[in-house]
Amino acid sequence: MQPPIRRLEAVAHCLLIETDHDGLILVDSGYGLADYNTPGLALRLFATACFVPCDPAETAIRQVEALGFDPSDVRDIILTHLHLDHSGGLPDFPHARVHVSRAEYEGVRDVPLWMRWAFARQHWDHGPDWVLHDKDDTVDWFGFDAIPVLPQLSPPIFLIPLHGHTPGHCGVAVRREDMRWLFHMGDAASRLHRATDVHQLPGQHYGLSPMPHGYAARFLGNHIERLRALYREHGHEVTLFSSHDQTSFRELAA
Ligand SMILES: [Zn+2]
């Protein structure tokens, strides 16, 4: 049984995918080494407000090394969006191609002034090899538009447009060897708030949020009902989790 109150600790869920011939693929990159070593003001405030554990061993690069891989084996990074808590690992893998939706890459320029702090441009100052993905060539994935990323993979990894949280926010769908799908919903859902929890299982949300219900759903992009339907109808084939979902992170990491 889970204790009623667990330690609040931010999770930024990244996936590391090992391919047969294409090296390693990272989905989202969390905070990077520089964010821990020389954090700017925005990062410092964000880390404090969101209970980010300040342990560089938690960075993607250290975790990749701990698994016995060489960081240069990470050839591709797929990002759900460009918020600072998702892009921090980019400078730690400077040779990786970085896949993101074109809407996100181009939309970042137009975010309102009061939201600019959430995008840390120093994360891509090194000039990564961007691969921008358009909505033109989509296929159907359980009723969602799906953009094949790295189409040489079989099945491809899909970017699933779930715009709203940011201009081009996407989920990422990956099929595991056991044929189950993992669906990283990015910040389109959250178990921190009942209105934005697609799983809706009693006892698995904190029910606490500084945000009013309606605003929380809007803030994450208003995809909750579609994602809930996906969970209801295909939960036996698809494991859904969001970036900052501590419960799913612990279940999947175990
Ligand atoms: Zn975000």
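Now for a quick tour of the structure. Given the structure is predicted, the values throughout are model-derived calculations rather than measurements. (Residues numbered from 1 in each chain as written. Predicted model: local features only at pLDDT ≥ 70, side-chain atom pairs only at ≥ 80, totals over all residues. Heavy atoms only, no water.)

Moving on, we come to the overall build of the chain. Within the chain, the secondary structure is distributed over eight helices and 11 strands. Relative to the compact-globule value of 18 Å for 254 residues, the chain shows a C-alpha radius of gyration of 17 Å, a close match. In terms of overall dimensions, the chain has a C-alpha envelope of 45 × 40 × 40 Å along the principal axes. Across the chain, contacts joining residues at least 24 apart in sequence account for 61% of those joining residues at least 6 apart. About 12800 Å² of surface is accessible on the chain, with carbon and sulfur atoms providing 54% of the total. Side-chain charges in the chain split into 21 positive and 33 negative, and the spacing between the mean points of these groups amounts to 7 Å. (Helix = DSSP H or I, 4+ residues; strand = E, 2+ residues; numbered from the N terminus. Rg over C-alpha atoms; globule rule 2.2 N^0.38 Å. Contact = heavy atoms within 4.5 Å. Areas by Shrake-Rupley, 256 points an atom, 1.4 Å probe, with all protein chains shown as cover. Lys, Arg positive; Asp, Glu negative; His and termini not counted. Charge placed at Lys NZ, Arg CZ, Asp CG, Glu CD.)

What follows covers the packing of aromatic side chains. Where two aromatic rings form a pair, the distance of their centres and the angle of their planes describe that pair. If you walk through the whole model with that rule in mind, you get nine aromatic pairs. Centroid distance Trp 124 to Trp 130: 6.2 Å. Interplanar angle 75 degrees. Geometry classified as edge-to-face. A residue is classified by how much of its surface remains accessible, and Trp 124, at 15% relative accessible area, is buried. One aromatic cluster is present, built from ring pairs that chain together Trp 141, Phe 142, Phe 144, Phe 158, Trp 181 and Phe 183. (Phe/Tyr/Trp six-rings, centres within 6.5 Å; stacked < 30°, edge-to-face > 60°. Buried < 20%, exposed > 50% of the residue type's maximum accessible area, 1.4 Å probe, protein only.)

Let's shift gears to the coordination of the zinc ion. Around the zinc ion, the protein contributes the donor atoms His 81 (NE2), His 83 (ND1), His 165 (NE2) and Asp 187 (OD), which lie 2.2 to 2.3 Å from the metal centre. Coordination at the zinc ion is irregular: its four donor atoms span angles of 87 to 170 degrees at the metal. Taken in chain order, the donor set of the zinc ion reads H-x1-H-x81-H-x21-D. With a gap of 22 residues between them, His 165 in the loop between strand S8 (157-161) and strand S9 (170-175) and Asp 187 in the loop between strand S10 (181-184) and helix H6 (213-219) connect regions that are remote in the sequence. Grouping residues by exposure puts His 165 and Asp 187 together as buried. (Donors = N, O, S within 2.8 Å, 3.2 Å for Na, K, Ca; no water. Tetrahedral: all angles 85-135°; square planar, octahedral: opposite > 155°, others 65-115°.)

For the rest of this paragraph, the subject is the sheet that holds strand S1 (residues 15-18). Two strands in a sheet stick together by hydrogen bonds in their backbones, pointing the same way (parallel) or opposite ways (antiparallel). Strand order in this open sheet of five strands is S1-S2-S3-S4-S5, and the pairing throughout is mixed. Taken across any chain shown, the strands that pair with only one partner, and hence form the sheet edges, are S1 and strand S5 (129-133). Averaged over all adjacent pairs, the angle separating strand axes in this sheet is 20 degrees, with direction ignored. Pairing geometry for strand S2 (residues 24-27) and strand S3 (residues 74-78), over four bridges, is parallel. Residue pairing for S3: Ile 25 is matched across the bridge by Asp 76. (Pairing = 2+ DSSP bridges. Axes fitted to C-alpha atoms, helices over the stretch in contact; angles between N-to-C directions.)

Further remarks concern the nonpolar core. Judged by nonpolar contacts, the single largest core of 22 residues is most densely connected at Ile 77, Leu 82 and Phe 93. Contributions of two or more residues to this core are made by S2, helix H3 (60-66), S3 and strand S4 (97-101). Per-element tally for this core: the top contributor is H3, with three residues. Every residue in contact with Phe 93, bar those within four places of it in the chain, is listed here: Leu 26, Ala 60, Ile 61, Val 64, Pro 71, Val 74 and Ile 77. By size, the runner-up hydrophobic cluster in this structure holds 18 residues, among which are Trp 141, Phe 158, Ile 160 and Leu 240. (Core = buried A, V, L, I, M, F, W, Y, C linked by side-chain atoms within 4.5 Å.)

Take it as geometry only, folks, not as evidence of what the structure does.
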